[in-house]
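# Breakdown of the fold
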Amino acid sequence: MRCFLQCKQSMQIKCYRRAYQLAWSGEGAACLPLGQRGKTLPITMATRPGPLTEWPWQWMGDYKYLVLAPAAMHTAHRLATKGWGDFDPAYTFMLPTLLLRMIHNQIWISLSRYQTARRKHLIVDRSLDFEQVDRERSWDDQIILNGLLFYLGYAIIPNFRLMPVWRTNGALITILLHMGPVEFLYYWFHRALHHHFLYSRYHSHHHASIVTEPITSVIHPFAEHLAYFLLFSISVLPPIFMGCGSVLAGVLYITYIDFMNNMGHCNFELMPKWMFQTFPPLKYLIYTPSFHSLHHTQFRTNYSLFMPFYDYIYNTTDSSSDELYERSLKGTEETPDIVHLTHMTSLKSMYHLRIGIASISSKPCNDSVWYMWMLWPVAWLSMVLAWIYGSSAFVVERLKLKKFNMQIWALPRYNFQVMDSSTAEQLNGSGELFAKKYPRLRVRLIDGSGLATAVVLNSIPFGTKQVFLCGSNSKVTHATAIALCQRGVQVILNQEKEYGMLKLRVPEGRAIYLKFSNDETPQIWIGDSIDDAQGRAPKGTIFIPTSQFPLKKARKDCTYLSNPAMKIPETMQNVHTCENWLPRRVMSAWRIAGILHALEGWEMHECGDDMMNIEKTWSAAIKHGFKPLTKPCSLNSGTDL
């Protein structure tokens, strides 16, 4: 919103529509501060929050579901004392309906993110960031609110009780009321919300999301949701008061609202053309995702709820609606420049995929939430589906840096599923077998070991004279040890087999810096098997892992560095999930290495025993805007790493 205000004030534009368009297009870029030109500036909250903006239970955080605890306890008590003989359909279906709504919305979230990553029928191709994900993590607040109001209505409206499961006449009345008063009143209420007075106090919070996701549909201030509840009650309450209401009609109406809301904000076109060709009037009775997407980019067109005929009546239909629909439905195929092939680690890592639960995937996987244990059945189901689905990779994420398009492909396998003999043979040599089998392919296989080694070396404090190598014979561990010996740093091992293997690889004249000892324990420990040996490390030891997995922080008197990773450039787009246990906008060195190969146009493979030049790879990373997580300090300076 700051972008819009600056454009309007500096250019003296009185037309709000034109100001909106300038603010989100290249035309208005000249009025932005230099550091913000070319960037999307989302509105994090209403610009002038009005009364009843915040939700009453916002202070409860993730424990907000306790608001429904009294209702759940009352239902359980009623069932325990009176049994199924006192079965009341309206009362019994309340809690299950709320749960089904949550599942329904989550299905739309996963489907939308999967389709957006594939980019086949994408409508708005802009960056989605952490700020939007944080703002939209409250999408379930409206379900909690509806649940409380349903219970309140059941308590004060006698006709709610003992409603039949189905009444056809009541369902028809609900349909007619929605098509008439509800759609009409919503249209004018929506236009009123775009008046600068209400827009700045309420509706701007919703329009902060230019790139919409299904849950964007319900991201509104508390007061606005109260107004919507009253509006939709016009379709539900009259049949109940008339004595022809039914439980199933109410549930289906709510499902219809959720379905249309999610579909209209999913940012990919899915309405088939044959539907409108078979029944042309359908164009005025159901909107498409591209139709509503124009409302989020143009702001002053396409106001309708779900049925666009009022936009046609009052001439507020965007002139490009049909063109955008045709273009989005046709879609475009994107050929990625870089593909990162991965698979899930533990069962709970499924939640951290981009197509998983948005609020969880936007945080490191070691930041567990209290309700994680409730999702274990879903994790086990995903494992079963992984076996059924097969070994074909699917797109889970799409990033962009400069002109390079990057995709992340996930294999439907977990760590414990890829350790069978056949899979291990396919993965042998980090892809070396594949490169030898298909030497003429233009594809380059990168395991990232060169940059991972560079990150480890640049994490070691200045002035270090000795390091303790604690780990297996991994490629990065060996490369780190050899590089340290070449720099004149003594590397101490306590495993004779490892010592013998490394001694053969250290250049002649530098083997004197490799030492086998069971007594010496320096304060710098490097390796990928440090967890079990932490107990004998001296106080103040700095642990530097060389593997992709973080160390278990078992001691408070020692310092633990991250596994090899770097901060990504600010210009990298569509980053709104955390990579495993890494912080936001931090990427593992193995993954960054593939990006650098594409940016630099390097032709060699980096797999098997081959490794990129360490200094060359590190310099390229710094040149392209990747930054180290920590700056190495002097070993004796006492400065925190």
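Quick caveat: nothing in here was measured; it's all calculated off a predicted structure.

Conventions and cut-offs
- Residues numbered from 1 in each chain as written.
- Predicted model: local features only at pLDDT ≥ 70, side-chain atom pairs only at ≥ 80, totals over all residues.
- Heavy atoms only, no water.
- Helix = DSSP H or I, 4+ residues; strand = E, 2+ residues; numbered from the N terminus.
- Buried < 20%, exposed > 50% of the residue type's maximum accessible area, 1.4 Å probe, protein only.
- Contact = heavy atoms within 4.5 Å.
- Areas by Shrake-Rupley, 256 points an atom, 1.4 Å probe, with all protein chains shown as cover.
- Salt bridge = Lys/Arg side-chain N within 4 Å of Asp/Glu carboxyl O.
- 1 Å grid on protein atoms, 1.4 Å probe; cavity = no way out; pocket = protein on both sides within 12 Å on 5 of 7 lines; lining within 4 Å.
- Points joined across faces, edges and corners; volume = space filled by probe spheres on them.
- Nonpolar A, V, L, I, M, F, W, Y, C, P; charged D, E, K, R; others polar.
- Phe/Tyr/Trp six-rings, centres within 6.5 Å; stacked < 30°, edge-to-face > 60°.
- Pairing = 2+ DSSP bridges.
- Axes fitted to C-alpha atoms, helices over the stretch in contact; angles between N-to-C directions.
- Expected span 1.5 Å × (residues − 1).
- Lys, Arg positive; Asp, Glu negative; His and termini not counted.
- Right-handed = clockwise from strand over helix to strand, strands pointing away.
- UniProt positions renumbered as here; feature names shortened; annotations may be inferred.
- Patch = residues over 30% accessible without salt bridge, like charges linked within 9 Å, V, L, I, M, F, W, Y side chains within 5 Å.
- Core = buried A, V, L, I, M, F, W, Y, C linked by side-chain atoms within 4.5 Å.
- Domains from an automatic or database assignment.

Let us look at the overall build of the protein. Helix and strand counts for the protein come out as 24 helices and 12 strands. Evaluated residue by residue, the protein yields a buried proportion of 51% over its 641 residues. Within the protein, contacts between residues at least 6 apart in sequence are counted, and of these 69% link residues at least 24 apart. For the protein, the exposed surface amounts to about 31100 Å²; the carbon and sulfur share of it is 60%.

Next up on the list: the pattern of salt bridges. The full count for this structure, using the stated rule, is 21 salt bridges. Note that Lys273 and Glu326 form a salt bridge whose closest N and O atoms lie 3.1 Å from each other. Of the two residues, Lys273 sits in helix 12 (residues 273-278) while Glu326 sits in helix 15 (residues 321-330), which places them 53 residues apart along the sequence. In this structure, the salt-bridge partner of Arg327 is Glu323, at a minimum N-O distance of 3.5 Å. Within this pair, Arg327 and its partner Glu323 are both found in helix 15, separated by four residues, close to a single helical turn. Residue class for Glu323 comes out exposed when judged on its relative accessible area of 53%.

A few words now on empty space enclosed by the protein. In total, this model carries four cavities of 30 Å³ or more according to the counting rule given. By volume, the largest cavity amounts to about 80 Å³. Lining the largest cavity are 16 residues, with Thr116, Val211, Asn267, Arg354 and Asn574 sitting closest to its centre. Counting residues per element, the lining of the largest cavity draws most heavily on helix 5 (residues 94-118), which supplies three residues. Looking at side-chain class alone, the lining of the largest cavity contains five nonpolar, five polar and six charged residues.

Under the criterion given, the structure shown has 24 aromatic pairs. Taken together, a centroid distance of 6.0 Å and an interplanar angle of 35 degrees make the contact between Tyr186 and Tyr228 tilted. Here Tyr186 is found in helix 8 (residues 168-193), whereas its partner Tyr228 is found in helix 10 (residues 222-241), with 42 residues between them in sequence. On the basis of relative accessibility, which here comes to 10%, the residue Tyr186 falls in the buried class. By relative accessible area, Tyr228 is classed as buried at 8%. Look at Phe549 and Trp581: their rings are 5.5 Å apart centre to centre, the planes differ by 35 degrees, and that puts the pair in the tilted class. Of this pair, Phe549 sits in the loop between strand 8 (542-545) and strand 9 (559-560) while Trp581 is found in the loop between strand 10 (565-567) and strand 11 (586-588), placing the two residues 32 residues apart along the sequence. Here Trp581 falls in the buried class, since its relative accessible area comes to 17%.

With that out of the way, let us pick up unusual backbone geometry. With a phi close to 55 degrees, Asn580 is a non-glycine residue in the positive phi region. You can see Asn580 is positioned in the loop between strand 10 and strand 11. Positive phi values are uncommon outside glycine, yet Arg585 reaches one of about 55 degrees.

This part takes up the sheet that holds strand 4 (residues 466-469). With respect to topology, six strands assemble into an open sheet ordered 6-5-4-7-8-9, the strand pairing being parallel. The open sheet has two edge strands, strand 6 (514-516) and strand 9, and neither has a second partner. Bridge count for strand 8 against strand 9 is two bridges, and the pairing is parallel. Opposite Ile542, over in strand 9, you have Thr559 as the bridge partner. Against the sheet, helix 22 (residues 496-505) contacts strand 4, strand 5 (490-493) and strand 6, and its axis sits at roughly 160 degrees relative to strand 6.

Moving on: helix 3 (residues 69-82). Three or four residues apart is the spacing at which side chains of an α-helix point the same way, because the helix has 3.6 residues per turn. Its 14 residues place the ends of helix 3 20 Å apart at the C-alpha level, agreeing with the 20 Å of an ideal helix rising 1.5 Å per residue. Positive backbone phi, at 70 degrees, marks Gly83, one or two positions downstream of helix 3.

Bringing the side chain of Glu224 into the picture now. In this fold, Glu224 is placed in helix 10. For the buried Glu224, which has no salt bridge, the nearest side chain bearing the opposite charge is Arg135, at an N-O separation of 12 Å. Glu224 has contacts with Leu193, Tyr202 and His203, leaving out every residue within four places of it along the chain.

Now for the sheet that holds strand 1 (residues 338-343). Here three strands make up an open sheet; going across it, the order is 1-3-2 and the pairing mixed. Each end of this open sheet is capped by a strand with a single partner; those strands are strand 1 and strand 2 (394-401). This sheet shows a mean twist of 20 degrees between the axes of neighbouring strands, independent of strand direction. Across seven bridges, strand 2 lies against strand 3 (residues 404-411) in antiparallel orientation. Note on strand 3: the bridge partner recorded for Val395 is Trp409. Where helix 5 meets the sheet, its contacts fall on strand 2 and strand 3, and the angle it forms with strand 2 comes to roughly 55 degrees.

This brings us to the pairing of strand 5. Side chains of strand 5 alternate between two faces, with Gln490 and Ile492 and Val491 and Leu493 buried alike. With three bridges joining them, strand 5 and strand 6 adopt parallel strand pairing. Opposite Ile492, over in strand 6, you have Lys515 as the bridge partner. Handedness of the crossover is the feature at issue here: the chain leaves strand 5, passes through helix 22, returns alongside strand 6, and the resulting connection is right-handed.

The next subject is the UniProt feature "transmembrane region" (unreviewed entry) in the protein. Using the residue numbers shown here, the UniProt feature "transmembrane region" (unreviewed entry) corresponds to residues 143-163, 169-189, 226-254 and 370-396. The span residues 169-189 is 100% helix and 0% strand, and its two end C-alpha atoms sit 29 Å from each other.

A surface patch of nonpolar side chains, amounting to about 820 Å² of accessible area, comprises Tyr63, Leu66, Trp370, Trp373, Met374, Trp376 and Trp380. When you line up the elements, Trp376 lands in helix 17 (residues 376-389). When its relative accessible area of 35% is taken as the criterion, Trp376 is described as partly exposed.

Next up on the list: the environment of Met60. In this structure, Met60 sits in the loop between helix 2 (16-23) and helix 3. Take Met60: its relative accessible area is 18%, and that puts it in the buried class. If near-sequence neighbours (up to four positions away) are discounted, Met60 is found in contact with Leu66 and Val67.

Looking now at the nonpolar core. Formed by 71 residues in total, the largest nonpolar core has its most connected members in Leu451, Val491, Ile526, Met572, Ile595, Leu596 and Phe626. Ranked by the residues each element gives to this core, the list is headed by helix 23 (residues 589-600), at seven residues. Taken domain by domain, the makeup of this core includes at least three residues from each of domain 2 (334-418) and domain 3 (444-640). Beyond its immediate chain neighbours, meaning those up to four positions away, Ile526 contacts Val456, Ile460, Val467, Phe468, Leu469, Cys470, Thr480, Leu484, Ile544 and Thr546. Ranked by size, the runner-up nonpolar core spans 22 residues in total, among them Tyr186, Leu193, Tyr228 and Leu231.

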